[in-house]
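Close look at the chain arrangement
Residue strings, one per chain:
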Amino acid sequence: MPTGTPYLQRSIDQGGTPNREEFYMKELLIVVDFQNDFVDGSLGFSGAERLEGPICDKILAYRQAGQTVVFTMDAHEANYLETREGRKLPVPHCLSGSKGRELYGRVKDLSEGCLCFEKNTFGSDRLFDYLREHSFDRVELVGLVSNICVLANAVLAGAASSESIVSVDASCTASFDPLLHEKTLDVLAGIQVQVTNR
């Protein structure tokens, strides 16, 4: 959940002397690829649907705290099987115009008015550019899949915003391979990504 309180803010009394000061952490929540095809579609797996509630709660908490929420979305075209990814992972998913490409459940409704970065590979170059242009004290990632797109975008976030605290909430991400999921959390911790709620 967001950790900050409203920003470095000074209230000046009539004599012009600051009489209080609050620290404010500017925080960003990145919801990674929580799309139908990764939950109950062509690449879905048991347990992914259980993340919907915790992810929605987190989105609402960030909004209530006045913080920023953005989304990444896998986005492929009809020629997916001809791409590098498609040749190595020959399962069409998140195709243009398909239901599988849409965000899952209530997360779709909560994305209204937020930036969504579509991407045709694991990491989002547009998200990287956004993080280079906007400063955040803390960047948190949730979503799917932990050992692929969450990992890739956590690495990009750390590179784009090298002085930010980057974290992944282990209770809001998962993988089709539980063992690989745990190894991924270890790798994230090893590259100085905070892994919370493990």
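Residues numbered from 1 in each chain as written. Predicted model: local features only at pLDDT ≥ 70, side-chain atom pairs only at ≥ 80, totals over all residues. Heavy atoms only, no water.

**Remarks on the sheet that holds strand β5 (residues 115-119)**
Where we set the bar: When DSSP locates at least two bridges between a pair of strands, those strands are taken to pair. The helix and strand labels rest on DSSP assignments: H or I over at least four residues marks a helix, E over at least two residues marks a strand, and numbering proceeds from the N terminus. Every angle, taken between N-to-C directions, lies between 0 and 180 degrees, and every axis is a line fitted to C-alpha atoms, over only the stretch in contact when it is a helix. Residue contacts are counted whenever heavy atoms from the two residues lie within 4.5 Å of one another.
The strand order across the open sheet built from six strands is β5-β4-β3-β6-β7-β8, with neighbouring strands paired in parallel fashion. Each edge of the open sheet carries a strand with a single partner, namely β5 and β8 (194-196). Taking each pair of neighbouring strands and ignoring which way they run, the sheet shows an average axis angle of 25°. Of the pairings in the sheet, the one linking strand β4 (residues 68-74) to β5 comprises five bridges and is parallel in character. Across the sheet, Met73 pairs through a bridge with Glu118, a residue of β5. Sheet strands touched by helix α2 (residues 52-64): β3 (27-32), β4, β6 (138-143) and β7 (165-173). Its angle to β3, the strand with the most contacts, is close to 155°.

**Re the pairing of β6**
Our working rule: Burial classes follow relative accessibility: with a 1.4 Å probe on protein chains only, a residue under 20% of its type's maximum area counts as buried, one over 50% as exposed, and anything between as partly exposed. The handedness rule is simple: strands pointing away from the viewer, and a clockwise path from the first strand over the helix to the second, make the crossover right-handed.
Among the six residues of β6, six are classified as buried, and the element is accordingly described as predominantly covered. Residues of β6 alternate between two faces, with Arg138, Glu140 and Val142 on one and Val139, Leu141 and Gly143 on the opposite face, all of them buried. Relative to β6, β3 runs parallel, the two sharing six bridges. Bridging from a neighbouring strand, Glu27 pairs with Arg138 of β6. With five bridges joining them, β6 and β7 adopt parallel strand pairing. Within β7, the residue paired with Arg138 across the bridge is Ile165. Once the chain exits β6 it traverses helix α6 (residues 146-160) before rejoining the sheet at β7, and the crossover so formed is right-handed.

**Quick word on the confidence of the model for the chain**
The cut-off we apply is this: Residue-level confidence of the predictor, termed pLDDT, takes values from 0 up to 100.
Per-residue confidence for the chain gives a mean pLDDT of 92; residues scoring 70 or more make up 89%. Here residues 5-14 is modelled with pLDDT under 50, and outside its nearest four sequence neighbours on either side it reaches 28 contacts, counting other chains as well. Scored below 50 in pLDDT, residues 18-22 shows 17 contacts in the model against residues more than four places distant or in partner chains.

**Let's talk about the side chain of Lys58**
Convention followed: Think of a polar contact as two N or O atoms within 3.5 Å of one another; within protein, one of them needs to be a possible hydrogen donor and the other a possible acceptor, and neighboring residues in sequence only count if both atoms come from side chains.
Secondary-structure assignment places Lys58 in helix α2. Within the local environment of Lys58, its side chain forms a polar contact with the side chain of Glu140, the two groups lying 3.0 Å apart. Not counting chain neighbours up to four residues away, the residues in contact with Lys58 comprise Met1, Leu29, Glu140, Val142, Asp169 and Cys172.

**Notes on the pairing of β7**
β7 sits mainly inside the fold: seven of its nine residues count as buried. Taken together, the three bridges between β7 and β8 define a ladder with parallel strand orientation. When the sheet's bridge partners are listed, Ser167 is paired in β8 with Gln194. Handedness of the β7-helix α7 (residues 178-190)-β8 crossover: right-handed.

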